[in-house]
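Descriptive analysis of the structure
One letter stands for each residue in the lines below.
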Amino acid sequence: MNHEMKNRIIILLLTSISALHSFADRNMTFKNMDTGESFEVSVPDGLKMSLQEYNSNWLDSIPYLLEHARWKEAWAYEALAECYRYGKGGAARSMFNAIMCYEEAGKSAKEIAEAAYEADPTDELGLLDHLMEGLDKKRISEKDAIQLIDGLTVPKSGWIVFLREILAQKHESRKEFIYSRLTPASGSDEFLVGFACIAMDDCNFLDKTFDMATDDYMTKIRFICEKLPPIYDVVAEKMWRRFDEKTEDREKYLSAALQCMYQADQAGFLSKQNMAMLLKYCEDNGIDELIPFSAEDLARFEDVCEKGCGNHIDSADVVGEEVVEADGCPVELIEE
């Protein structure tokens, strides 16, 4: 799945629309997933472990990895990608989140997926890329995709079953079918596949988003973002733009932007751009009760922005694309 398609899918998912504790004493408990044995490691302030310095068999403690991802450490994102990809460390399997973490780590998710598919055609990340990229670029016919799915001898994940069901529908009825099937119980990859399929049939299926910040609308957006944490950062940037436009109810947009920034940071996906915008706001307006970040968080943002955070998902790459109106908004079609 190339960068262009990934960005387009992010926009589509946006239209469809857990905090971590602070490690005060920097003592963290880990669990060896092979033996079940717990052990404690003392991590002095400022210590930056590299993947080579740490036993990779223990890199499945999600809180530990997220703490380091919040410092934009590439090795932590790569380890998180593996957790999402294989469902390790208690993380729900999500090829979407795995793709985003690989990209944050400076890796090419597409190259990883292609190599995985070549080695094992049943590898889930490789299969997702092979099917969706092939269908999107017309390199695979829908009939061949169905035959490939039907021929799988391994248990089929929800997104694979869903894709098979979508391909069995007539093109003119697919959008309605997808809307009817995507509910709060659906997995992140089912949302990914569903809206990617709609985009294949309707290249203009991009809706201008976030013209409102009502409680109901934000509740639905937050639900989607909880499943797809990288989206929090994109939502935050768009809400901040609405606040900057000095539109009606701009304070609601500010509040929504700050809350989404907070959640993006907790998940390790707050971009350097959004960190910088927040720091500038605090410099101009001071720090009040609206700011959900601690003094330590703001100091970390300063440090990350000064040093540069390497590869990260830059919201501007996504929101800078052309957005056109569509008929209806998928957010409003999510069942209660």
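For every chain, the first residue of the written sequence is number 1, and numbering continues from 1 along that sequence. Confidence filtering applies because this is a predicted model: local features only for residues at pLDDT of at least 70, side-chain atom pairs given and counted only at 80 or more, and all residues used for totals across whole chains, interfaces and linings. Hydrogens and water are ignored here; the side-chain numbers use all heavy atoms of the structure.

**A word on the packing of aromatic side chains**
Note the following rule: Stacked, edge-to-face and tilted labels apply to pairs of Phe, Tyr and Trp rings (six-membered ring for Trp) whose centres lie within 6.5 Å, assigned for plane angles under 30 degrees, over 60, and everything in between, in that order. Where helices and strands are cited, they refer to DSSP runs of H or I of at least four residues and of E of at least two residues respectively, numbered from the N terminus. Per-residue accessibility, obtained with a 1.4 Å probe over protein chains only, is compared with the maximum for each type, and a residue is labelled buried under 20%, exposed over 50%, and partly exposed between these values.
Applying the stated criterion across every chain, the model contains ten aromatic pairs. Between the aromatic rings of F243 and Y281, the centroid separation amounts to 6.3 Å while the plane-to-plane angle is 75 degrees, which identifies the pairing as edge-to-face. One end of the pair, F243, is in helix 12 (residues 230-244); the other, Y281, is in helix 14 (residues 272-285), and 38 residues separate them in sequence. For the pair F243 and Y281, one class covers both residues: buried. Ring centres of Y262 and F293 lie 5.7 Å apart, and the angle between their planes is 55 degrees; on these two criteria the pair is classed as tilted. Here Y262, found in helix 13 (residues 250-266), pairs with F293, found in the loop between helix 14 and helix 15 (295-307); they are 31 residues apart in sequence, far enough to count as distant. Here the aromatic residues Y179, F191 and F195 are joined through ring pairs into a cluster of three or more.

**Let's talk about the environment of W71**
The topology assignment puts W71 in the loop between helix 2 (62-69) and helix 3 (74-86). A residue is classified by how much of its surface remains accessible, and W71, at 27% relative accessible area, is partly exposed. In sequence terms W71 and V304 are 233 residues apart; their C-alpha atoms lie 6.6 Å from each other.

**With respect to the environment of A76**
For clarity, the cut-off: Pairs of residues are marked as contacts when any of their non-hydrogen atoms sit within 4.5 Å.
Turning to its location among the elements, A76 is positioned in helix 3. A76 gets classed as buried once you look at its relative accessible area, which sits at 0%. Apart from the residues lying within four places of it in its own chain, the contact partners of A76 are L65, H68 and A69.

**Describing the confidence of the model for the chain**
Under the convention used in this document: Known as pLDDT, the predictor's per-residue confidence is scaled from 0 to 100.
A residue-level look at the chain finds 70% of positions with pLDDT of 70 or above and a mean pLDDT of 76. Counting interchain partners and residues more than four positions distant, the pLDDT-below-50 stretch residues 206-211 has 30 contacts.

**Considering the state of the cysteines**
Defined simply, a disulfide is a covalent bond joining two cysteines at their sulfur atoms. We apply this condition: Whenever a pair of cysteine sulfur atoms sits within 2.5 Å, that pair is classed as a disulfide.
Scanning the model with the defined rule gives zero disulfides in all. C225 carries a free sulfur, and the closest cysteine sulfur to it, the one in C260, is 5.8 Å from it. We classify C225 as buried; its relative accessible area is 0%.

**With respect to the nonpolar core**
So the rule is basically this: For this analysis, a nonpolar core means a set of buried residues of the types Ala, Val, Leu, Ile, Met, Phe, Trp, Tyr and Cys, connected via side-chain atoms within 4.5 Å.
Ranked by internal contacts, the top residues of the largest apolar core, which has 89 residues, are L163, L278 and F293. In terms of residue count, the dominant contributor to this core is helix 13 (nine residues). With residues near it in sequence (within four places) discarded, L278 still touches L258, M261, I291, F293, L298 and F301.

**Overview of the pattern of salt bridges**
Put simply, the test is: By definition here, a salt bridge exists when the distance from a side-chain nitrogen of Lys or Arg to a carboxyl oxygen of Asp or Glu is within 4 Å.
Under the definition given, this model contains 18 salt bridges. A salt bridge links R85 to D123, with the shortest nitrogen-to-oxygen separation between them at 3.1 Å. With R85 in helix 3 and D123 in the loop between helix 5 (109-119) and helix 6 (124-136), the pair connects residues that are 38 residues apart, well separated along the chain. Grouping residues by exposure puts R85 and D123 together as buried. Here R174 makes a salt bridge to E142, at a shortest N to O gap of 2.7 Å. One end of the pair, R174, is in helix 9 (residues 171-181); the other, E142, is in helix 7 (residues 142-150), with 32 residues separating them in the sequence. Exposure remark for R174: the relative accessible area of 5% places this residue in the buried category. Several salt bridges share partner residues, and in doing so they unite E67, R70, D265, D297 and R300 into one network.

**A look at the packing of helix 12 against helix 14**
Helix-helix packing is described using two parameters, namely the angle between the two axes and the distance between the axes. Quick reminder of the rule: A fitted line through C-alpha atoms serves as each axis, taken over the contacting stretch for helices, and the angle formed by two N-to-C directions is quoted from 0 to 180°. Should an angle fall under 35 degrees it is called roughly parallel, over 145 degrees roughly antiparallel, and 65 to 115 degrees roughly perpendicular, with every other angle called oblique. For a crossing to be left-handed, the near helix must be turned anticlockwise from the far one by less than a right angle; the clockwise case is right-handed. Basically, the charged four are Asp, Glu, Lys and Arg, the nonpolar ten are Ala, Val, Leu, Ile, Met, Phe, Trp, Tyr, Cys and Pro, and anything else, Gly included, counts as polar.
Orientation of helix 12 relative to helix 14, taken along the N-to-C sense of each, is 40 degrees, at an axis distance of 10 Å. Here helix 12 lies oblique to helix 14, going by the angle between them. Of the two possible hands of crossing, helix 12 and helix 14 adopt the one that is left-handed. Facing helix 12, whose interface residues are D233, A236, E237, W240 and F243, helix 14 presents Q273, N274, M277 and Y281. Of the residues assigned to the contact of helix 12 with helix 14, the class counts are five nonpolar, two polar and two charged.

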